[in-house]
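# Tertiary structure, described
Here is how the chains run, residue by residue.
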Amino acid sequence: MIDARAVAKIAADYTAAWNSKSAEAVASFYAKDGGIIINNGDPWSGRSRVQDMAAGFYADVPDLTLTCDDVRCAGNHVIFVWTFTGHDAATGNPLNIRGWEEWEIGEDLKVKASRGWFDAEDYGRQAEGK
């Protein structure tokens with residue numbers, strides 16, 4: 001079982017990593033063979049692929065700013081609730097996107113598996129300025 005204080009620190013540090021605009025910093029929170037699946041899409045498996053995922057978000061939203069809205073833990077499972085704001089790179093339109101990640105944390109406090117969720121249709125509407 002993971003200590004709630006340790007989880008709160010991970011969440012704060014993970015948020016800071018996203019806000020550093022460093023895809024490598026984001027990926028460092030994942031186990032070497034860890035990965036993420038976003039909205040039931042294709043998995044991003046392995047730390048280097050997680051880095052690619054984060055780099056893709058930075059390309060789409062260069063001024064991305066993430067906030068941690070809530071964090072909950074039960075055993076080695078964590079829910080990280082977030083909001084990100086910024087502007088779509090293609091249109092310049094403002095974005096305010098809410099979502100969450102469901103983490104399985106290893107004994108080394110690295111993310112072994114994550115399932116991320118956000119409303120992709122709402123993202124599309126905001127990016128188009130609707």
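The coordinates are above.
First, a word on what this report is: a plain description of the structure on this page.

A word on the pairing of strand S5 (residues 94–105). Remark: a regular strand shows side chains that alternate across the two faces of the sheet. Only one face of S5 is buried, namely the one carrying Leu 95, Ile 97, Gly 99, Glu 101, Trp 103 and Ile 105, since none of Pro 94, Asn 96, Arg 98, Trp 100, Glu 102 and Glu 104 on the opposite face is buried. Note: strand S4 (residues 77–87) against S5, 11 bridges, orientation antiparallel. Across the sheet, the residue bridging to His 87 is Pro 94, located in S5. Between the antiparallel neighbours S4 and S5 lie six residues, among them Gly 92 with a positive phi of about 80°. Here seven bridges tie S5 to strand S6 (residues 111–118), and the two strands are oriented antiparallel to one another. Considered in S6, the bridge of Glu 101 is made with Gly 116.

Another point: empty space enclosed by the protein. Throughout the structure, instances matching the rule amount to one cavity of 30 Å³ or more. Estimated volume of the largest cavity: approximately 150 Å³. Forming the walls of the largest cavity are 15 residues, and the residues nearest its centre are Trp 18, Phe 57, Trp 82, Phe 84 and Glu 101. Within the lining of the largest cavity, the residues separate by chemical class into 13 nonpolar, one polar and one charged.

Across the sheet, which stays open at both edges, the six strands sit in the order S2-S1-S6-S5-S4-S3 with mixed pairing between neighbours. Only two strands of the sheet have a single partner each, and these edge strands are strand S2 (43–45) and strand S3 (65–74). Along the sheet, successive strands turn relative to each other by an average axial angle of 20°, direction set aside. The sheet strands contacting helix H1 (residues 4–19) are strand S1 (30–38), S3, S4 and S5, and the helix crosses S3 at an angle near 160°. Contacts from helix H4 (residues 120–128) reach S4, S5 and S6 within the one sheet, and its direction differs from that of S5 by about 155°.

Rules and cut-offs
- Residues numbered from 1 in each chain as written.
- Predicted model: local features only at pLDDT ≥ 70, side-chain atom pairs only at ≥ 80, totals over all residues.
- Heavy atoms only, no water.
- Buried < 20%, exposed > 50% of the residue type's maximum accessible area, 1.4 Å probe, protein only.
- Helix = DSSP H or I, 4+ residues; strand = E, 2+ residues; numbered from the N terminus.
- Pairing = 2+ DSSP bridges.
- 1 Å grid on protein atoms, 1.4 Å probe; cavity = no way out; pocket = protein on both sides within 12 Å on 5 of 7 lines; lining within 4 Å.
- Points joined across faces, edges and corners; volume = space filled by probe spheres on them.
- Nonpolar A, V, L, I, M, F, W, Y, C, P; charged D, E, K, R; others polar.
- Axes fitted to C-alpha atoms, helices over the stretch in contact; angles between N-to-C directions.
- Contact = heavy atoms within 4.5 Å.

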